[in-house]
Amino acid sequence: MANSNWRDAWVGTATIVVAVCLIVFLALPAPEDQKAAENNLILVAEFGRIDGLHIDSPVRLAGIDVGHVGAIALGENRRATVTLSIANPDLPIPADTAAVIETDGIFGEKYVELHPGGDFEVLSHGQRISYAQDSVVLESLLNQVVSRAKASKAASEDEAP
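This section reports on the structure supplied with the text. Per-chain numbering applies: the sequence of each chain, read as written, is numbered from 1 onward. In keeping with the model being predicted, local features are shown solely for residues with a pLDDT of at least 70 and side-chain atom pairs are shown and tallied solely at 80 or more, while totals for entire chains, interfaces and linings include all residues. With hydrogens and water excluded, all non-hydrogen atoms of the structure serve as input to the side-chain values.

**Examining the pairing of strand E3 (residues 64-74)**
Okay, so step 1: Sheet topology places strand E2 (residues 58-61) next to E3; four bridges connect them, and they run antiparallel. If you follow Arg60 over to E3, its bridge partner there is Asp65.
Okay, so step 2: Strands were regarded as paired on the criterion that DSSP finds at least two bridges between them. Starting at the N terminus, helices and strands are each numbered in turn, a helix being any DSSP run of H or I of at least four residues and a strand any DSSP run of E of at least two. Here E2 folds back onto E3, and the loop between the two strands holds two residues, one of which, Ala62, carries a positive phi near 60 degrees.
Okay, so step 3: Counting the residues in the hairpin turn of E3 and strand E4 (residues 80-86) gives five residues, including Arg78, whose phi is positive at 60 degrees.

Here it is in structure tokens:
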């Protein structure tokens, strides 16, 4: 009986040690990921609305994934401050580039599309993108269509004899 209790205690302790090691291993970022993140070009954009955008959402240029959303925070002026992490630090992004939150299809995921301008000066690490277009909320867009249709219908009824 004492031998069985000793074996149960040993198996329980070993299970706990393995579980803790597994959790620690999974929680730590891979060294390659840290090194890659340190070499990324970091840009900042401010949006009024970012509905559906989240950390690790894609950042695209000409439809090609060039990075991801690294962080999202609420700025002092109550606007969403989005940090964009561009994988290639040598990618020339013009200073007059626009950041636009777009949707992949009608109900797809949100992503940030970069629309480069024609400026010869390029953005460098930590700089702010000056023009940012907010996320379009499908519900508000449908409400506008319905309200315009109602107004149009009411105007046509007023014109009828």
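**Some points on unusual backbone geometry**
Okay, so step 1: We note that Asp56 has phi near 80 degrees; this positive angle belongs to a residue other than glycine.
Okay, so step 2: By the secondary structure assignment, Asp56 is in the loop between strand E1 (41-47) and E2.
Okay, so step 3: In this scheme, a residue with accessible area under 20% of its type's maximum is buried, one over 50% is exposed, and one in between is partly exposed, where area comes from a 1.4 Å probe on protein chains only. With relative accessibility at 54%, the residue Asp56 sits in the exposed group.
Okay, so step 4: The backbone phi angle of Ala62 is positive, close to 60 degrees, even though this residue is not glycine.
Okay, so step 5: When you line up the elements, Ala62 lands in the loop between E2 and E3.

**Observations regarding the pairing of E1**
When a strand is regular, its side chains alternate between the sheet's two faces.
Okay, so step 1: Where burial is concerned, most of E1 is hidden: five out of the seven residues are buried.
Okay, so step 2: Pairing of E1 with E4, which is carried by seven bridges, proceeds in the antiparallel orientation. From the neighbouring strand, Ile42 faces E4, where its bridge partner is Ser85.

**Details of the nonpolar core**
Okay, so step 1: Remark: nonpolar core denotes a set of buried residues (Ala, Val, Leu, Ile, Met, Phe, Trp, Tyr, Cys) joined through side-chain atoms within 4.5 Å. Within the largest apolar cluster, 23 residues are counted, with the highest numbers of intra-cluster contacts made by Leu84 and Leu114.
Okay, so step 2: The set of elements that each furnish at least two residues to this core consists of E1, E2, E3, E4, strand E5 (98-103) and strand E6 (110-115).
Okay, so step 3: Throughout, a residue-residue contact means that at least one pair of heavy atoms, one from each residue, lies within 4.5 Å. Beyond its immediate sequence surroundings of up to four residues, Leu114 is in contact with Val59, Arg60, Leu61, Ala62, Leu84, Ile86, Ile93, Thr97, Ala98, Ala99 and Ile129.

**Description of the sheet that holds E4**
Okay, so step 1: Reading across from one edge, E1-E4-E3-E2-E6-E5-E7 is the order of the seven strands in this open sheet, with mixed pairing throughout. This sheet does not close on itself; its edge strands, each paired only once, are E1 and strand E7 (131-133). The sheet shows a mean angle of 30 degrees between the axes of neighbouring strands, taken without regard to direction. Lines fitted to C-alpha atoms define the axes, with helix axes restricted to the stretch in contact, and inter-axis angles between N-to-C directions lie between 0 and 180 degrees.

**Digging into the pattern of salt bridges**
Okay, so step 1: For salt bridges, the criterion is a side-chain nitrogen of Lys or Arg within 4 Å of an Asp or Glu carboxyl oxygen. Using the criterion set out here, one finds five salt bridges in the structure.
Okay, so step 2: Among the salt bridges present, the one from Arg79 reaches Glu46, with a minimum N-O distance of 3.8 Å. Of this pair, Arg79 sits in the loop between E3 and E4 while Glu46 sits in strand E1; the two residues are 33 residues apart in sequence, bridging distant segments of the chain.
Okay, so step 3: Judged by relative accessible area, which is 29%, Arg79 ranks as partly exposed.
Okay, so step 4: Two residues, Asp104 and Arg60, come together in a salt bridge whose shortest N-O distance is 3.9 Å. One end of the pair, Asp104, is in the loop between E5 and E6; the other, Arg60, is in strand E2, and 44 residues separate them in sequence.

Any link to function would need more than the numbers given here.
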